[in-house]
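Fold and contact review
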Amino acid sequence: MTTISDVKAREVLDSRGNPTVEVDVALSDGTVGRALVPSGASTGANEALELRDGDASRFRGRGVLQPIENIDKHIKPAVLGMSTLDQVALDNLLIEIDGTPNKSKLGANAILGVSMAAARAAAQSEGKPLYERISGDGALTLPVPMLNIINGGAHAAGSTDFQEFMVVPAGFDTFREALRAGVEIYHALADALRERGLSTSVGDEGGFAPALPDNQDAVALVIEAIERAKYRPGEQCFIALDVAASELSGDDYPADKLIGIYKDWVDNYPVVSIEDGIAEDDWDNWSVMADAIGGRAQLVGDDLYTTNTELIRKGIAMNAGNAVLIKLNQIGTVTETLNAVKMTQNAGWGVVISHRSGETEDTTIADLAVGTNAGQIKSGAPARGERTAKYNRLLRIEEELGGRAQFAGRQVYEHYLSNI
Ligand SMILES: O=C(O)[C@@H](CO)OP(=O)(O)O
Ligand SMILES: [Mg+2]
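Thresholds applied
Residues numbered from 1 in each chain as written. Chains lettered and ligands numbered in written order. Predicted model: local features only at pLDDT ≥ 70, side-chain atom pairs only at ≥ 80, totals over all residues. Heavy atoms only, no water. Donors = N, O, S within 2.8 Å, 3.2 Å for Na, K, Ca; no water. Helix = DSSP H or I, 4+ residues; strand = E, 2+ residues; numbered from the N terminus. Buried < 20%, exposed > 50% of the residue type's maximum accessible area, 1.4 Å probe, protein only. UniProt positions renumbered as here; feature names shortened; annotations may be inferred. Contact = heavy atoms within 4.5 Å. Axes fitted to C-alpha atoms, helices over the stretch in contact; angles between N-to-C directions. Parallel < 35°, antiparallel > 145°, perpendicular 65-115°, else oblique. Nonpolar A, V, L, I, M, F, W, Y, C, P; charged D, E, K, R; others polar. Near = heavy atom within 4 Å. Polar contact = N/O pair within 3.5 Å; in protein donor to acceptor, adjacent residues only side chain to side chain. Pairing = 2+ DSSP bridges.

**Comments concerning the coordination of the magnesium ion (ligand 2)**
Surrounding the magnesium ion (ligand 2) are the protein donor atoms Asp242 (OD), Glu275 (OE) and Asp302 (OD), at 2.0 to 2.2 Å. Spacing between the donor residues of the magnesium ion (ligand 2) along the chain follows D-x32-E-x26-D. One end of the pair, Asp242, is in strand 7 (residues 238–242); the other, Glu275, is in strand 8 (residues 271–275), with 33 residues separating them in the sequence. For the pair Asp242 and Glu275, one class covers both residues: buried.

Okay, here's the thing in structure tokens:
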């Protein structure tokens, strides 16, 4: 039996220059799986806890030596000698050692680092790519990339107050062609901004962060960029938003005003997906929004659900949206993440696998998107290495799958498009 022979954790840096946890899990057969943990800025209140040191003399209090010590002292002794082939048993043990509902004792960053590294080690030891180990006998699908090309909100001071304006190149036959369209649109957007004398400096996720007077200007600019790149909006390329409404001031943006804006945009623009359109504590207005536009747009809950099956179950019962954003570090183990995806898919809801605004070179989410047949991934703009690492991994997976590769494509949004 192949067992865990060593666990080594260290402090490394993420894309915002903040420390984060990296874990190596070594197996008795000599394989080593490595994982790096990402970090959010616009976090949901119900997310599992990211443990930071708080010692202001190191990295302005953002160090992660405590979660690393927790791995050394509490996790490593418990998992040495365990089989990594049973990810569920391993993750259940990690949850048990922590013992809190939100992983606040050991830190979700400590727990997830070990869980992900073990999954990667197990795949290697079996001689399989990670996506294949995740999928078992299930379908392998290349996801539609949702490329965040205008960054605002908590990710880019001085830009729009809505957080993300994404281009969604769904109307192509392969991931490679879709990504290429996204890249050309990204560059066309830079030209459009330059022409107007607007800044082309970028936000945390690699998208531009121009000082635009209105959120609607950002939508109009994305459409202009699609056309400038010679693609057809509403046919080949669509728009997705992450409003991150929990970060907005309720005085400026009451729910009825927001729903009015979305109705207008869904009527007039090729907007196919709206994430966190309503604040995370306002379940009732989530249902109101879903009644108003749920047949015409994917309504994705991120801060609302925090990849937590208890909250997803509640949302499905309340008709609060029709899709879930999935982030490994919101819940803290691979197994719980896979359970969240399954519950969402079983309800017939959409799934978007997501990066965090603070990222690393880790590419686990690319394999997760393919292996779960999720259909959609958001990993920022097609620029900045920590974002392109995921898109590049997907290019390699598509090549590796050859004739077996299926691109999720327009079909993901067909229901909403046929209702227009
Ligand atoms: O809100 C989001 O969806 C994410 C990723 O884009 O941002 P953050 O990681 O800051 O929560
Ligand atoms: Mg979000």
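What follows picks up the thread again.
**A word on the UniProt feature "active site" (unreviewed entry) in the protein chain**
Look at the UniProt record and you will see "active site" (unreviewed entry) annotated at Glu205 and Lys327. With respect to the secondary-structure elements, Glu205 resides in the loop between helix 5 (175–195) and helix 6 (215–228). Once you skip the residues sitting within four places of it in the chain, Glu205 turns out to touch Asn148, Asn151, His155, Glu164, His355, Arg356, Ser357, Gly380, Ala381, Arg384 and Arg387. Turning to its location among the elements, Lys327 is positioned in the loop between strand 10 (323–326) and helix 10 (328–331).

**Some points on the packing of helix 9 (residues 309–318) against helix 11 (residues 334–346)**
Put simply, helix 9 and helix 11 touch, their axes get as near as 10 Å, and they point 10° apart. When the axis of helix 9 is compared with that of helix 11, the two are roughly parallel. Taking contact as the criterion, the partners of Thr309, Ile312, Arg313 and Ile316 in helix 9 are, on helix 11, Asn339, Ala340, Met343 and Thr344. Of the residues belonging to the contact of helix 9 with helix 11, the class tally is four nonpolar, three polar and one charged.

**Quick notes on the site of ligand 1**
Around ligand 1, 16 residues are found, and the nearest of them are Ala41, Glu164, Glu205, Ser357 and Lys378. Within the contact set of ligand 1, an oxygen atom lies 3.5 Å away from a side-chain nitrogen or oxygen of His355. The side chain of Arg356 places a nitrogen or oxygen atom 2.7 Å from an oxygen atom of ligand 1. Along the lines of polarity and charge, the residues of the shell around ligand 1 split into two nonpolar, six polar and eight charged.

**Observations regarding the environment of Thr306**
When you line up the elements, Thr306 lands in the loop between strand 9 (298–301) and helix 9. Separated by 21 residues in sequence, Thr306 and Lys327 have C-alpha atoms that sit 7.4 Å apart. In this structure, Thr306 is in contact with Gly44, Asn46, Glu47, Leu311, Gln330 and Ile331, ignoring residues within four places of it in sequence.

**With respect to the pairing of strand 7**
Remark: a regular strand shows side chains that alternate across the two faces of the sheet. Within strand 7, five of the five residues are buried, which leaves the element mostly enclosed by the surrounding structure. Here strand 7 shows a buried face lined by Phe238, Ala240 and Asp242 and a second buried face lined by Ile239 and Leu241. Pairing geometry for strand 6 (residues 164–168) and strand 7, over five bridges, is antiparallel. When the sheet's bridge partners are listed, Phe165 is paired in strand 7 with Leu241. Relative to strand 8, strand 7 runs parallel, the two being bridged by four bridges. Counterpart to Ile239 in the pairing with strand 8 is Val271.

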